[in-house]
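Coordinates in review
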Amino acid sequence: MVAAWDIYAEQLLPLGYGHPLWVPEPCVEAGQVRIGDVGYLRAGGFRFMFNSTSGGDHPINRRMGIPSGFRVFELPEHLVVRRPNEIIQTQLHSASLRSSSVAGALSFDSPGPSAEATLRYQCSESSGAILLLRRPGNFEFLDCRLRIKAYMLEHFSRWYEFANSTLGIGLQDKEILFVSGFIKTADWAEAAFHSKGTSGELSITGGFQPIAPVSAGFSVSMLRCESPALFYRSGPTRALAPATTSSSSSQNGPASTTETFDQCVFLHYYKMKSRRLWPTIRAAAEPQDLPQCREDHQAVDAMAVDDGAPSEGSDDIESCMGDNEAFDPVGCLLDYILEVRANEF
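Thresholds, definitions, all that
Residues numbered from 1 in each chain as written. Predicted model: local features only at pLDDT ≥ 70, side-chain atom pairs only at ≥ 80, totals over all residues. Heavy atoms only, no water. Helix = DSSP H or I, 4+ residues; strand = E, 2+ residues; numbered from the N terminus. Core = buried A, V, L, I, M, F, W, Y, C linked by side-chain atoms within 4.5 Å. Buried < 20%, exposed > 50% of the residue type's maximum accessible area, 1.4 Å probe, protein only. Contact = heavy atoms within 4.5 Å. Phe/Tyr/Trp six-rings, centres within 6.5 Å; stacked < 30°, edge-to-face > 60°. Pairing = 2+ DSSP bridges. Axes fitted to C-alpha atoms, helices over the stretch in contact; angles between N-to-C directions. Salt bridge = Lys/Arg side-chain N within 4 Å of Asp/Glu carboxyl O.

Concerning the environment of Glu74
Checked against the element boundaries, Glu74 lands in the loop between α2 (59-62) and β4 (80-87). Once the C-alpha coordinates of Glu74 and Gly36 are considered, the two residues, 38 residues apart in sequence, prove to be 9.6 Å apart.

With respect to the nonpolar core
Formed by 37 residues in total, the largest nonpolar core has its most connected members in Met49, Ile148, Met152, Trp159, Ile176, Phe178 and Leu267. Those elements giving two or more residues to this core turn out to be β2 (37-42), β3 (45-51), α3 (145-166), β10 (177-185) and β15 (263-274). When residues of this core are assigned to their parent elements, the largest contribution, 8 residues, is made by α3. If we skip the residues at most four places from it in the chain, Trp159 touches Val38, Phe50, Pro67, Tyr151, Met152, Ile176 and Phe178. Ala3, Trp5, Ile87 and Ile183 belong to the second-largest nonpolar core, a separate cluster that totals 20 residues.

Digging into the packing of aromatic side chains
Here the structure, examined in full by the defined rule, presents 12 aromatic pairs. Taking the centre distance of 5.5 Å and the plane angle of 40° together, the rings of Tyr17 and Phe266 count as tilted. Linking Tyr17 in the loop between α1 (4-12) and β1 (19-20) with Phe266 in strand β15, this pair joins segments that are 249 residues apart in sequence. Geometrically, the ring pair formed by Phe73 and Tyr151 is edge-to-face, given 4.9 Å between the ring centres and 65° between the ring planes. With a gap of 78 residues between them, Phe73 in the loop between α2 and β4 and Tyr151 in helix α3 connect regions that are remote in the sequence. Residue Tyr151 is classed as buried on the basis of its relative accessible area of 3%. What links up through ring pairs into an aromatic cluster is the set Phe50, Phe70, Phe73, Tyr151, Phe156, Trp159, Phe162 and Phe178.

Here's the deal with the sheet that holds strand β14 (residues 229-235)
Spatial ordering of the open sheet is given by β5-β8-β11-β14, a layout of 4 strands whose pairing is antiparallel. Strands at the two margins of the open sheet, each flanked by one partner only, are β5 (91-93) and β14. Sheet twist, expressed as the mean angle between neighbouring strand axes with direction ignored, is 10°. Of the strands in this sheet, β5, β8 (127-133), β11 (188-194) and β14 are in contact with α1, which crosses β8 at around 80°.

Regarding the pattern of salt bridges
Any two side chains of opposite charge can pair if their charged atoms end up close together. Summed over the entire model, instances satisfying the criterion amount to 10 salt bridges. The partner of Arg83 in a salt bridge is Glu86, and the shortest N-O contact between them spans 2.8 Å. On the basis of relative accessible area, Glu86 is assigned to the partly exposed category, the value being 27%. A salt bridge links Arg120 to Glu201; the nearest nitrogen and oxygen atoms lie 3.7 Å apart. With Arg120 in strand β7 (residues 118-123) and Glu201 in strand β12 (residues 201-206), this residue pair connects regions lying 81 residues apart in the sequence.

Examining the pairing of β11
The element β11 is extensively covered by neighbouring structure, given that 6 of its 7 residues are classed as buried. Two elements, β8 and β11, share 7 bridges in a ladder whose sense is antiparallel. Across the sheet, residue Leu133 finds its bridge partner in β11, namely Trp188. Note: β11 against β14, 7 bridges, orientation antiparallel. The residue bridging Ala192 from the neighbouring strand is Phe231, located in β14.

Dropping the structure here:
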């Protein structure tokens, strides 16, 4: 069966906001996602290894350590793009869903909207996904593509050694990510489904709709479809969130202990894949060559991500996490670029 996070990513990626994270919550050990983080994805969530913009003695890098020969990536603040309210829609869903009805007492004049408010969507395909937001999504992005690529080319081999020889994670080169941006919000709810039919109905009931009370429940169901696999969750779970947050967090509206904008619903990143012959770098969009790159890696900046497939080798050991066939459009693009380039020689 396809994992929930793969269905979710595949269905919402075409919206163009970045890679959709099934697990937007901050990592308990390292806190929320930051620009310059280096890590990988597992089961729909970002896994932190180290932060390239902080030194080895910084608290964020003390737990896991840093690669040998580590050099801080100097963050050019004037090239950090920040756009509050990048997403103001309360619902983002796949093209396979079409809103069909709203039921319940949804009066804005009432101090307590109905907790039984229900949204219904007609499904035109066998898979679909939806993200509900009660607060806006704030965008932050590091806009210095060539500087990031040059830094990765210089240090990537040490990152790979650190991930596998030092930490023992077992990553392929294309699984290691450099975070270049994100969209964060304060709270969210999400659902993904897959069924054998193409004419079902998705029903969302409870209190996560932006006009419903926070205390109300949240549930999702599928009607009139064959053998549905339905997944849903909501958050954040503040009891598990780290005590401190980075300066990149922002708040909208009245101050509240439950409205910290640290939930990363979409991720932007750069990734690499080894190749043997060609001293060039190509981007996933707007390909271009850099002069005389000396390392044997190829870099891709993207708004999609590898979901943690186990490394390929001579061992017969396989992951049991359910992500052996993870949705990875950028990995496919890298393979295609390398294959085409190989045929040129």
